[in-house]
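# Descriptive analysis of the structure
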Amino acid sequence: MIKSLNWGLLGTARINRSIIPPLRLSVRNNLLAVASRTQEKADAYAKEWSIPKAHSSYEALLSDPDIDVIYIPLPNQFHAEWAIKAAEAGKHVLCEKPLALSVGDVDAMTAAAEKAGTFLVEAFMYRFHQRTLKIKDMIDSGEIGDVHHVKGAFTFPLNRPKDVRWDPDLGGGSLWDVGCYPLSFSRYVIGSEPKEVFAYQHVGDSGIDESFSAQMLFANGVTAQFDSGFRSQFRMHTEVTGSKASLFIPMTFKPEQRCFIHIQRGNNTEYVAVDGSHLYVDEVEHVADAVLDGVPSLLPLSDSRNNIKTILALYESARTHNVVKLM
Ligand SMILES: NC(=O)c1ccc[n+]([C@@H]2O[C@H](COP(=O)([O-])OP(=O)(O)OC[C@H]3O[C@@H](n4cnc5c(N)ncnc54)[C@H](OP(=O)(O)O)[C@@H]3O)[C@@H](O)[C@H]2O)c1
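These figures come from a predicted structure and were not determined experimentally.

With that settled, the discussion passes to the packing of aromatic side chains. Aromatic ring pairs: the centre-centre distance and the angle between the two ring planes describe each pair. Evaluated as defined, the whole model comprises 17 aromatic pairs. Between Tyr126 and Phe253, the aromatic rings sit 5.2 Å apart at their centres with planes inclined by 80°, giving edge-to-face as the arrangement. Placement of the pair is Tyr126 in the loop between strand S6 (120–122) and helix H6 (130–140) and Phe253 in the loop between strand S12 (246–250) and strand S13 (258–265), with a sequence separation of 127 residues. Classification of Phe253 as buried rests on a relative accessible area of 0%. Taken together, a centroid distance of 5.3 Å and an interplanar angle of 55° make the contact between Phe154 and Tyr181 tilted. Taken together, the positions of Phe154 in strand S7 (residues 147–155) and Tyr181 in helix H7 (residues 174–190) put the pair 27 residues apart, joining distant regions of the chain. Residue Phe154 is classed as buried on the basis of its relative accessible area of 7%. Positioned over the ring face of Tyr188 is Arg127, at 3.9 Å from the centre of the ring.

Structure representation (structure tokens):
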């Protein structure tokens, strides 16, 4: 018999819609329960999505002995608190990005998971997708020569006035929400950490950065830039410039099942097709591989920690108008 993991959703967040179908498709993962802050909301959600169990509080879900893995899709402000409580309850955790809002919180989450012997990983879904892994292989094998510069963007018009992303008290802001992706991508493909950063932001009426523009110098001499925002049209792409060729990656963080890498050599552009999985499938399968087979995490907590450390340095730079050194 195939061993499988029972999952519980901690909250009825919009993003759940992306992870429910992959959990249903998976033979090693099973969606068993949802929790909400009221029984009424949990029941309605469980009925709508045909989820067997509905819990009236997050605590009740963590106390459910049938649950192996907790998915945390809460507003950013609550990731650390509930990831720690989940680990203390002996549960494995897939926690939405950004993992936390401070380095101290990442360390506390890591310590809680280590103490409990549970798996904890940040839900940067694109990091588990075949195209991302192929890009990393291409770069590491020298296919584009030495990497000199990485440039990325992730913006979209955030038209919901009550969205949690507008609220500074809930960890809102475009850098926390979407800028974290091109930052994470740059660090991953460059294979080094930023040693100094400089940034500009536009802070809107609610007190969060509605747009953010970042520059980084990495320890290995590579430079990177990205912008994020809630007021511009939808943009999501990255360019990696090398000495022999450059890569352009459309929809870098949300690849379709059949997606492409554009390789530009001089005037020629080659379009390499990648046939991958549905975006969130590899993420949930990776949790099963890690928990059931002990496969090492594709996104170690040290990596998440460095992303958050850099985000905080970028915010500091944007606030102070100074270059912020990280090393
Ligand atoms: N990886 C991805 O592709 C992706 C995409 C979108 C979002 N995300 C991440 O997922 C998380 C949730 O984003 P979302 O847009 O899905 O959020 P959302 O729809 O606003 O849902 C957040 C949920 O958190 C619960 N909650 C607990 N305390 C809350 C509070 N004080 N205010 C509001 N909600 C509260 C609510 O569930 P109950 O009412 O049921 O308790 C609510 O449904 C964020 O961390 C975001 O960065 C990831």
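Right, picking up where we left off after that structure.
Quick look at the site of the ligand now. Taken together, 25 residues lie around the ligand, and Ser36, Lys41, Tyr58, Asn76 and Tyr280 are the ones closest in. Side-chain polar atom of Lys41 to an oxygen atom of the ligand: 2.5 Å apart, as the coordinates give it. One nitrogen or oxygen atom from the side chain of Tyr58 is found 2.4 Å from an oxygen atom belonging to the ligand. Computed on the free molecule, the ligand has an accessible area of 910 Å², of which 86% lies beneath the protein chains in the complex. Applying the majority rule of atoms within 2 Å of the grid points places the ligand in the largest pocket. Grouping the amino acids of the shell around the ligand by side-chain chemistry returns 13 nonpolar, five polar and seven charged. Here the shell around the ligand gathers at least three residues from each of two domains, domain 1 (5–123) and domain 2 (129–282 + 307–325).

Rules used in this analysis
- Residues numbered from 1 in each chain as written.
- Predicted model: local features only at pLDDT ≥ 70, side-chain atom pairs only at ≥ 80, totals over all residues.
- Heavy atoms only, no water.
- Phe/Tyr/Trp six-rings, centres within 6.5 Å; stacked < 30°, edge-to-face > 60°.
- Helix = DSSP H or I, 4+ residues; strand = E, 2+ residues; numbered from the N terminus.
- Buried < 20%, exposed > 50% of the residue type's maximum accessible area, 1.4 Å probe, protein only.
- Lys NZ or Arg CZ within 6 Å of the ring centre and 35° of its normal.
- Near = heavy atom within 4 Å.
- Polar contact = N/O pair within 3.5 Å; in protein donor to acceptor, adjacent residues only side chain to side chain.
- Areas by Shrake-Rupley, 256 points an atom, 1.4 Å probe, with all protein chains shown as cover.
- 1 Å grid on protein atoms, 1.4 Å probe; cavity = no way out; pocket = protein on both sides within 12 Å on 5 of 7 lines; lining within 4 Å.
- Sits in = over half its atoms within 2 Å of the grid points.
- Nonpolar A, V, L, I, M, F, W, Y, C, P; charged D, E, K, R; others polar.
- Domains from an automatic or database assignment.

Geometric descriptors of this kind do not, in isolation, establish any biological role.
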